[in-house]
Amino acid sequence: MIRIGTGYDLHRLVPGRPLVIGGVAIPFGKGPDAHSDGDVVAHAVIDGMLGAACLGNIGQMFPDSDPAFKDADSMVLLAKAFDAVKKAGFALVNLDATVVLEAPKLNPHIDSIRRRLAECLAIGEDRISVKAKSNEGVGPEGRGEAISAQAAVLLESRGA
Ligand code: MG
């Protein structure tokens, strides 16, 4: 059986925070205001896979009231969420993520992000797509006030 899920995440960008996207640290003067490292790609992918497996959402699995997740490496959270998905009997078929941000340009980092996600999920990079878009200067992302990401995640039931 094939199952699809979608995920979405947004964080405000504030000065002095590191910018981590898909597990890759990108030099920039601002980063997400978040309890964890605020990695919008990791968070959107987590919600996409939890959605596809009907396992709830990222906030239920990793509550931001829990000090254990303060400044957490979201790639570790992604690996934990994927463990839960695998335990529920699913394998990852592919994922496709879109990051929306005005700056910096993500294109030079896309391959590194895909590689990091592929390593974390132990599947080929040919099953991981990451795209970046500006928001044409409008909305919170376009004004540089926020960064967001969307992800579609396809799972396959291992039993069927
Ligand atoms: Mg988030």
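Please refer to the structure higher up on the page.
Residues numbered from 1 in each chain as written. Predicted model: local features only at pLDDT ≥ 70, side-chain atom pairs only at ≥ 80, totals over all residues. Heavy atoms only, no water.

### A short note on the coordination of the magnesium ion
1) Next: Around the magnesium ion, the protein contributes the donor atoms Asp9 (OD), Asp9 (OD), His11 (NE2) and His43 (ND1), which lie 2.1 to 2.7 Å from the metal centre.
2) Next: In the primary sequence, the donor residues of the magnesium ion line up as D-x1-H-x31-H. In this pair, histidine 11 is assigned in strand 1 (residues 2-15) and histidine 43 in helix 1 (residues 40-52), connecting sequence segments 32 residues apart. (Donors = N, O, S within 2.8 Å, 3.2 Å for Na, K, Ca; no water. Helix = DSSP H or I, 4+ residues; strand = E, 2+ residues; numbered from the N terminus.)

### Quick notes on the pairing of strand 1
1) Next: Two strands pair when backbone bridges link them, and strand 1 and strand 7 (residues 146-157) are joined in this way by 11 bridges, in the antiparallel orientation. The partner of arginine 3 across the bridge, within strand 7, is leucine 155.
2) Next: Sheet analysis places strand 1 next to strand 4 (residues 30-32), joined by 3 bridges and oriented antiparallel. Within strand 4, the residue paired with leucine 13 across the bridge is proline 32. (Pairing = 2+ DSSP bridges.)

### Some details on the sheet that holds strand 7
Note on sheets: strands pair through backbone hydrogen bonds, and any given pair is parallel or antiparallel.
1) Next: Here 5 strands make up an open sheet; going across it, the order is 4-1-7-5-6 and the pairing mixed. Since the sheet does not close on itself, it has two edges, and those belong to strand 4 and strand 6 (128-133), each with one partner. Within the sheet, the average angular offset between the axes of one strand and its neighbour, ignoring direction, is 25 degrees.
2) Next: Relative to strand 1, helix 1 is tilted by about 155 degrees, and along the sheet it contacts strand 1, strand 5 (90-100) and strand 7. (Axes fitted to C-alpha atoms, helices over the stretch in contact; angles between N-to-C directions. Contact = heavy atoms within 4.5 Å.)

### Some remarks on the nonpolar core
One broad trend across soluble globular proteins is that nonpolar side chains are buried collectively.
1) Next: Core analysis: the largest hydrophobic core is formed by 45 residues, its most contacted members being Ile21, Met49, Val99 and Leu121.
2) Next: Sorting the residues of this core by element identifies strand 2 (19-21), strand 3 (24-26), helix 1, helix 3 (74-87), strand 5, helix 4 (110-121), strand 6 and strand 7 as the ones contributing at least two each. (Core = buried A, V, L, I, M, F, W, Y, C linked by side-chain atoms within 4.5 Å. Buried < 20%, exposed > 50% of the residue type's maximum accessible area, 1.4 Å probe, protein only.)

### Details of helix 1
1) Next: Over its 13 residues, helix 1 extends 18 Å from the first C-alpha to the last, a length consistent with the 18 Å expected when each residue adds 1.5 Å.
2) Next: Taken across its 13 residues, helix 1 has 12 buried, putting it largely inside the fold.
3) Next: For helix 1, the set of buried residues is Val40, Val41, Ala42, His43, Ala44, Val45, Ile46, Asp47, Gly48, Met49, Leu50 and Ala52.
4) Next: In this structure aspartate 39 caps helix 1, since a side-chain oxygen of it lies 3.2 Å from the backbone nitrogen of valine 41.
5) Next: Taken from the residues just after helix 1, cysteine 54 is the one with a positive phi, measuring 55 degrees. (Expected span 1.5 Å × (residues − 1). Polar contact = N/O pair within 3.5 Å; in protein donor to acceptor, adjacent residues only side chain to side chain.)

Just distances and angles here, no functional claims.
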